[in-house]
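Architecture at a glance
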Number of protein chains: 2
Amino acid sequence: MAWSITEVARMAGVTSRTLRHYDAIGLLAPAYVGINGYRYYEQPQLLRLQQVLLLRELGLSLETIAEVLTGQRDRVDALRGHQEWLRAEQQRLARLAATVARTIEHLQEGTVMTASEMFDGFSRRRAETEEALAARYGDGVREHFAAAGERTKGWTRQDYLDAQKEGERLDARVLQLLRCGVAPETPEALDVIADHHRAVARHWSPDKVSYAGLGQLYLDDPQYRARYDAQDPALARYYRDAITAYAEQRLN
Amino acid sequence: MAWSITEVARMAGVTSRTLRHYDAIGLLAPAYVGINGYRYYEQPQLLRLQQVLLLRELGLSLETIAEVLTGQRDRVDALRGHQEWLRAEQQRLARLAATVARTIEHLQEGTVMTASEMFDGFSRRRAETEEALAARYGDGVREHFAAAGERTKGWTRQDYLDAQKEGERLDARVLQLLRCGVAPETPEALDVIADHHRAVARHWSPDKVSYAGLGQLYLDDPQYRARYDAQDPALARYYRDAITAYAEQRLN
DNA sequence: GTTGACTTTGCCGTTGCGTCAAGGTCCAGC
DNA sequence: GCTGGACCTTGACGCAACGGCAAAGTCAAC
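Residues numbered from 1 in each chain as written. Chains lettered and ligands numbered in written order. Predicted model: local features only at pLDDT ≥ 70, side-chain atom pairs only at ≥ 80, totals over all residues. Heavy atoms only, no water.

Chain A is annotated in an unreviewed UniProt entry as MerR family transcriptional regulator from Actinoplanes utahensis.

As C-alpha cells, this is what we get:
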C-alpha cells in the first residue's frame, strides 16, 4: 500500500511542500521513488511522520527532531533541554513586557527619556563592568570607578572612540597570540598584556589584585564572556590566564 | 562634525554591517555620502539611531520602528500592540511547556503515546468541529457526531482521503464563485452548496438549523476561519452566506 | 485526444543581520 | 613616490521552515 505525496499530506494535515522539504533535509524520505520521479510513502513513513509532527508541535527544531529519531539523542533529554529553553524564553519575554510597560508609562508622563549617555557604547560597557565587579567583590570596587569617572571627566567623544579602537586592536592582537599557539604566560604574550594594562590604566588604577580580578571577570561575566566567545571560545580564558600571569610577574 | 560608519558603530555598540543594513532598508540613512562612496553620519543621525536601538531593545521589528519614527504610527500605540503580542507569545510558550512536561511524564511512564488516530487529519478536524459546536450550542450536538461516528465506522483510510479531497475541491469551486463576483444567494452558488450539503450528509445528518449553524461556524470558529482566511479573507463569510441561503431556500 | 488533477525541480521571499570576497580609499611612515 | 595597514564600498550567500510560483512532465478518466 503506497500513497502519493498529496495523499500523505492530507492524512497528516500538512502540505506536500512540507513533505518535500522534509525529504530535502533528510528528515523523512519516501519509501521509494517511481521511475517518473514521484515520491511514494508507506506505513513506516507515516509512523515516522507522526513522530515528527508530534515533536514539531512541541516546538522542537527539525534538526533536533532528526537527532531524536535517529537515536543520536534521547527523547527525554531533548525535551528537557527544550523545556529549559522555553522557560528562558518566557522569562526574556516577561522582562521585555515589563520594560515595554515602563516605557509606555514614561511616554505618557512626557518624560523625554534622554539617557543619551547610556547609548555611548563605551560608557555603557563601563557601567556594566562596574555592576559586575560590585556583584562579585562588593561595593568596595565602586570607588575605583568613581576615580575613573574623575579621570575621564574631560574626555571628548573622540577620546572614547580612540580608547575603544585601541581596545579592539588589543583584542585582535591577543587573538593572534592565541591562534598562533603562543602560551599566555610567555614574555611575548605579557608584552601585549602590558599594552592592555597601560590602556586600562588610563581610566582606572588597578593594583595587582584588582587587575587579576578584571582578568577573571573576562571569563566569568556573561557580557564580557559573550563578547570574547564571539571571536573565539578560548579567548576569554586566554585573556584571563595572560592577565593573571602579568599581574603575578610584573605587578606588585 | 561627521563620523565614519565604524566610529558610529562603536559609539552605539553595534556593527558597521548593521548600519549598512539600516541604510539599505531605509531606516537610517547617513547625513551624506562622500564622493568616495563613504557614509558620513552627524548628530541628527546619532539621535535617530538612539531611538532605533531603544525600540529595538524592546523587541519591536525594524519595520514597526520605521513606521514609528516616520510618525506614521504612534509610539504608545505600537508599544501596546507589541505588549499584547508579547503576552500572547508568553502564553503560547507556557502552553508548550506544559505539553512538553506532560510528554516527558508519559515517556518516563512508558506510555506509548499511540494516538495514531489523532494524526489522521480528517478525524482530527471532525473532533475539533465537535468541540467547537458543543462550545457554541451545548452538548446536545454531540449526538449528531455520535451518529456520524456510527455511519463512518466502516470507512477505510481511502474513504477519508476521498472525502477530504472532495472537500478541497468544493472549497476551490466556492472560491471560484467568490472571485468571479457571483453573489452567494444566486442559484449558481446554491448548486455548488448543494454538493457541499451532499458531501456533509455522508457523515452527518444536518437539518435546516444545524446546517446553517455549520455555515456560521465557518465564520466564527478560529480553526475554520484561519483555514478559509488563508485562501481568501472573504471566503468564510461567503461560505456562511451561501450556506445560510441554501438552508433557507432549499431545506425545511 | 483532451482535459484536469497531480507530480517534479528550481528559485525567490520571509527577519536581521553575520560573514566572507573582491576591490577601492585614506593616511602615516619611509 | 611607495608601501602597509586600517578602513570603506558593493555583492552575495547563509540561517529556519517552509509558502508560493513557474515551467514542464505524468496519469487517469472521459
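Still to come is the rest of the account.
1. Here's the deal with the relation of the copies chain B and chain A
Relative to chain A, chain B is turned by 180° and slid 0.0 Å along the rotation axis, the superposed coordinates differing by an RMSD of 0.1 Å. The relationship between the two copies is best expressed as a two-fold rotation axis. For chain B, the residue whose C-alpha comes nearest the rotation axis is Gln90(B), separated from it by 2.8 Å. Residue by residue, 100% of the interface of chain B is reproduced at the interface of chain A, so both copies engage with the same surface. (Least-squares fit on C-alpha atoms with pLDDT ≥ 70 in both. Contact = heavy atoms within 4.5 Å.)

2. Considering the protein's contact with DNA strand D
Inspection of the region around DNA strand D gives 21 residues, with Thr15(A), Tyr22(A), Ser4(B), Thr6(B) and Arg39(B) positioned closest. For DNA strand D, the fraction of atoms within 4 Å of the protein that belong to sugar or phosphate moieties is 75%. Note that a phosphate oxygen of DNA strand D is positioned 2.7 Å from one of the side-chain N or O atoms of Tyr22(A). Between DNA strand D and the protein, one listed contact pairs a phosphate oxygen with a side-chain N or O atom of Arg39(B) at 2.7 Å. Those elements that provide at least two residues to the surface near DNA strand D are α2 (16-24) and α8 (157-179) of chain A together with α1 (5-12) and α2 (16-24) of chain B. Top contributing element to the surface near DNA strand D by residue count: α2(A), with four residues. Per-class residue counts for the surface near DNA strand D are five nonpolar, eight polar and eight charged. (Near = heavy atom within 4 Å. Polar contact = N/O pair within 3.5 Å; in protein donor to acceptor, adjacent residues only side chain to side chain. Helix = DSSP H or I, 4+ residues; strand = E, 2+ residues; numbered from the N terminus. Nonpolar A, V, L, I, M, F, W, Y, C, P; charged D, E, K, R; others polar.)

3. With respect to the packing of aromatic side chains
Residue and element names in this part refer to chain A. All chains considered together, the criterion is met by 12 aromatic pairs over all chains. Relative to Tyr-224, the ring of Tyr-218 lies with its centre 4.9 Å away and its plane at 35°, an arrangement referred to as tilted. Summarising the aromatic geometry, the rings of Tyr-218 and Tyr-239 are spaced 5.1 Å apart at their centres and angled 80° between planes, so their arrangement reads as edge-to-face. One end of the pair, Tyr-218, is in helix α10 (residues 208-220); the other, Tyr-239, is in helix α12 (residues 235-250), with 21 residues separating them in the sequence. Taking relative accessible area as the criterion, Tyr-218 reaches 5% and is therefore assigned buried. According to the relative accessible area criterion, Tyr-239 is buried, its value standing at 0%. An aromatic cluster of at least three residues, connected via ring pairs, comprises Tyr-218, Tyr-224, Tyr-228 and Tyr-239. (Phe/Tyr/Trp six-rings, centres within 6.5 Å; stacked < 30°, edge-to-face > 60°. Buried < 20%, exposed > 50% of the residue type's maximum accessible area, 1.4 Å probe, protein only.)

4. Structural notes on the packing of α1(B) against α2(B)
Residues and elements named next belong to chain B. One way to put it is that α1 packs onto α2 with a least axis distance of 8 Å and a crossing angle of 105°. As summarised for this structure, α1 and α2 are arranged roughly perpendicular, according to the angle between their axes. For the pair α1 and α2, the contacting residues are Ile-5, Val-8 and Ala-9 in the first and Ser-16, Leu-19 and Arg-20 in the second. Across the contact of α1 with α2, the residue classes break down as four nonpolar, one polar and one charged. (Axes fitted to C-alpha atoms, helices over the stretch in contact; angles between N-to-C directions. Parallel < 35°, antiparallel > 145°, perpendicular 65-115°, else oblique.)

5. Examining the nonpolar core
Val8(A), Leu19(A), Leu49(A), Val8(B), Leu19(B) and Leu49(B) are the most contacted members of the largest nonpolar core, which has 64 residues in total. For Leu19(A), the contacting residues outside a window of four places in its chain are Ile5(A), Val8(A), Ala9(A), Val14(A), Leu28(A), Tyr41(A) and Leu49(A). (Core = buried A, V, L, I, M, F, W, Y, C linked by side-chain atoms within 4.5 Å.)

6. A few points about the interface of chain B and chain A
Residue-level contacts link 47 residues of chain B with 47 residues of chain A. A combined buried area of about 4400 Å² lies between chain B and chain A, and 66% of that area is made up of carbon and sulfur atoms. Residue Glu168(A) is joined to Arg10(B) by a salt bridge in which the shortest nitrogen-to-oxygen separation is 2.7 Å. Linking chain B to chain A there are one residue pair in polar contact (both at pLDDT 80 or more). Mapped by element, the contributors of at least two residues to the side of chain B that touches chain A are α1, α3 (43-57), α5 (75-109), α6 (121-137) and α8 (157-179) of chain B. (Buried area = accessible area lost by both parts, 1.4 Å probe. Salt bridge = Lys/Arg side-chain N within 4 Å of Asp/Glu carboxyl O.)

7. A word on the domain arrangement of chain A
We note that the domain assignment places domain 1 (5-69), domain 2 (74-113) and domain 3 (118-250) within chain A. Measuring from the centre of the C-alpha atoms in domain 1 of chain A to the corresponding centre in domain 3 of chain A gives 51 Å. (Domains from an automatic or database assignment.)

8. Concerning the protein's contact with DNA strand C
Around DNA strand C, the surrounding shell holds 21 residues, and the nearest of these are Thr6(A), Arg20(A), Arg39(A), Thr15(B) and Asn36(B). Among atoms of DNA strand C positioned within 4 Å of the protein, sugar and phosphate together represent 74%. At a separation of 2.8 Å, a phosphate oxygen of DNA strand C approaches a polar side-chain atom of Tyr22(B). Take Leu62(B): an N or O atom from its main chain is 3.2 Å from a phosphate oxygen of DNA strand C. When residues of the surface near DNA strand C are traced back to their parent elements, those giving at least two are α1 (5-12) and α2 of chain A together with α2 and α8 of chain B. Per-element accounting of the surface near DNA strand C gives the leading share, four residues, to α2(B). The residue makeup of the surface near DNA strand C, split by class, is five nonpolar, eight polar and eight charged.

9. Section: the side chain of His82(A)
Among the structural elements, His82(A) can be located in helix α5 (residues 75-109). A distance of 2.7 Å separates the side chain of His82(A) from the backbone oxygen of Leu58(A), its partner in a polar contact. Non-local contacts of His82(A), meaning those with residues more than four positions away in its chain, are made with Leu58(A), Gly59(A), Leu60(A) and Val100(B).

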